[in-house]
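Working through the structure, step by step
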Amino acid sequence: MPELPEVEALGAYLRERAVGRRVERIEVASLSVLKTYDPAPSAAAGRTVSGAGRYGKFLDVIFDGDLHLVVHLARAGWLHYRETFASKAPLKPGKGPIALRVRLDDGSGFDLTEAGTQKSLASYLVTDPEQVPGVGRLGPDALAADAATFAERLRSRRGQVKGVLTDQQVLAGIGNAYSDEILHAAKLSPFALTNRLSDAQLTALYEATQRVLTDAVRRSVGQRAAELKSEKRSGLTVHARAGLPCPVCGTTIREVSFADSSLQYCPGCQTGGKPLADRRLSRLVR
């Protein structure tokens, strides 16, 4: 799933490539992708792309006249920028992975695509991003929060730190991959309880969050959209690396599986050398 650094980089790429271009039209090929009906997609025609930004993991493409295309890429969605399209014919609904296309006046544009059968990619055409339900519920941005706000938000929600860190109402922008990376950098168990974290542990967690996300943004911004996924994978230390040695201490990285996701961690760095045998009943020292 694209997280804060990748969405930040997509926004930067659109600011570089699309800002100043006029929208020719928006084509919707998937009935489920556009969650709003007023304004209609035709309302974007003739407007100029004036900016691009993000709210947590939501991408915001801004058109003049206070119109926004807000996109949540979900688990399998992506944005592909095209310098040119093979055909000028409108997309046919239900054909292929392309869910939505934005055509610009210079012949370029971008596609929103989604792989697989579980369709969670969502887009909203609105006059105010706060009209998007997910945006309105977001907590402070994970990179923008200062140390005091970060600590207050973490302590506001009692639970395992991995789950609290990825709760978008607590902090916006962190997902499964970067939470693994942040917890490894902070030397904290993913099952540590937020109400038991010391001030020193919260400080370490805040500093790890800033360091991991800032480094990921630095590596991602400037990359082409097509290169962002490989860039993300190349920078990961523990996530998606189960069975490999930890680059810090050499301990084999372990995994805990859930119904629809998994987490990875280093026992040597994070749990005193002990494996997390059960995600719910582990009695390891928190």
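Note that the structure is predicted; figures quoted are calculated from it, not measured.

Observations concerning the nonpolar core
In this structure, L14, F63, L69 and F110 are the most contacted members of the largest nonpolar core, which totals 33 residues. Listing elements by their share of this core, those giving two or more residues are α1 (4-17), β1 (23-28), β2 (49-55), β3 (58-63), β4 (67-72), β5 (77-82), β6 (98-104) and β7 (109-114). No other element matches the five residues that α1 contributes to this core. Residues contacting F110, with those up to four places away along its chain left out, are L14, V61, L69, L79, H80, Y81, R82, F85, L100, R101 and V102. Of all hydrophobic cores here, the second largest spans 27 residues; its members include L154, L171, L183 and V212.

Points about the pairing of strand β9 (residues 254-257)
Where β9 meets strand β10 (residues 262-265), four bridges bridge the pair, whose relative direction is antiparallel. By the bridge assignment for β10, S257 is matched with S262. In this antiparallel pair of consecutive strands, β9 and β10, the connection spans four residues.

What to know about helix α6 (residues 199-220)
An ideal rise of 1.5 Å per residue puts 32 Å on 22 residues; α6 measures up with 31 Å between its terminal C-alpha atoms. Taken from the residues just after α6, G222 is the one with a positive phi, measuring 105°.

Section: the packing of aromatic side chains
One pass over the structure, following the stated rule, counts two aromatic pairs. Judged by centre distance (5.6 Å) and plane angle (75°), the ring pair of Y13 and Y81 falls under edge-to-face. Taken together, the residues span a long stretch of sequence, with Y13 in helix α1 and Y81 in strand β5 at a distance of 68 residues. Each member of the pair Y13 and Y81 is classed as buried. On the numbers, 5.4 Å between centres and 65° between planes, the contact of F150 with Y206 is edge-to-face. Pair noted here: F150 is in helix α3 (residues 147-155) and Y206 is in helix α6, with a separation of 56 residues, a long-range link. Like F150, the residue Y206 is buried in the burial classification. Stacked on the ring of F85, the Lys or Arg R103 has its end atom at 4.9 Å from the ring centre.

Thoughts on the confidence of the model for the chain
Summarising the model, the chain shows a mean pLDDT of 93, and 97% of its residues fall at 70 or more. The low-confidence segment residues 279-286 (pLDDT under 50) makes 16 contacts with residues lying over four places distant or belonging to another chain.

Quick word on the pattern of salt bridges
On inspection of all chains with the given rule, the structure shows 21 salt bridges. Across the pair E24 and R25 runs a salt bridge, and its minimum N-O distance is 3.1 Å. The exposure class of R25 is partly exposed, given its relative accessible area of 24%. D111 is the salt-bridge partner of R82, the closest N and O atoms lying 3.0 Å from each other. One end of the pair, R82, is in strand β5; the other, D111, is in strand β7, and 29 residues separate them in sequence. Of the residues examined, D111 reaches a relative accessible area of 0% and is grouped as buried. Through salt bridges with shared partners, one network takes in R17, R21, R22, E83, D105 and D106.

Comments concerning the packing of helix α5 (residues 176-186) against α6
Orientation of α5 relative to α6, taken along the N-to-C sense of each, is 130°, at an axis distance of 8 Å. Considering the angle they form, α5 stands oblique to α6. Helix-helix and strand crossings are classified by hand; for α5 and α6 the assignment is right-handed. The residues of α6 that touch α5, namely those facing Y178, E181, I182, L183, A185 and A186, are A204, L205, A208, T209, R211, V212, L213 and A216.

Examining α5
Counting buried positions over the eleven residues of α5 gives nine, a clear majority of the element. Next to the buried residues of α5 lie α1, α4 (161-165), α6, α7 (228-234), β10 and α8 (267-270). Following α5 by one or two positions, K187 has its phi on the positive side, about 60°.

Calculation rules
Each chain carries its own residue numbering, running from 1 in the direction its sequence is written. The predicted origin of the model limits local features to residues at a pLDDT of at least 70 and limits the giving and counting of side-chain atom pairs to 80 or more, whereas totals for whole chains, interfaces and linings rest on all residues. By convention in this description, side-chain values take in all heavy atoms of the structure and omit both hydrogens and water. Nonpolar core, defined: a set of buried Ala, Val, Leu, Ile, Met, Phe, Trp, Tyr and Cys residues in which side-chain atoms within 4.5 Å join the residues together. Burial status follows relative accessibility: with a 1.4 Å probe on protein chains alone, a residue under 20% of its type maximum counts as buried, one over 50% as exposed, and anything between as partly exposed. Secondary structure elements follow DSSP: runs of H or I no shorter than four residues count as helices, runs of E no shorter than two count as strands, and numbering proceeds from the N terminus. Whether two residues are in contact is decided by their heavy atoms: any pair within 4.5 Å suffices. Paired strands, as defined in this entry, are two strands with at least two bridges between them according to DSSP. Multiplying 1.5 Å by the residue count of a helix minus one yields the expected span of that helix. The criterion for an aromatic pair is that two Phe, Tyr or Trp rings (for Trp, the six-membered ring) have centres within 6.5 Å, with stacked assigned to planes under 30 degrees apart, edge-to-face to planes over 60 apart and tilted to the rest. Here, over-ring charges are defined by two tests on the NZ atom of lysine or the CZ atom of arginine: distance to the ring centre within 6 Å, and angle to the ring normal within 35 degrees. On a range of 0 to 100, pLDDT expresses the predictor's confidence in each residue. Criterion for a salt bridge: a side-chain nitrogen of Lys or Arg within 4 Å of a carboxyl oxygen of Asp or Glu. Here an axis means a line fitted to C-alpha atoms, over the contact stretch when the element is a helix, while the angle between two N-to-C directions is reported on a 0 to 180 degree scale. Should an angle fall under 35 degrees it is called roughly parallel, over 145 degrees roughly antiparallel, and 65 to 115 degrees roughly perpendicular, with every other angle called oblique. Put simply, a crossing is left-handed when the front helix is turned counterclockwise from the back one by less than a right angle, and right-handed when it is turned clockwise.

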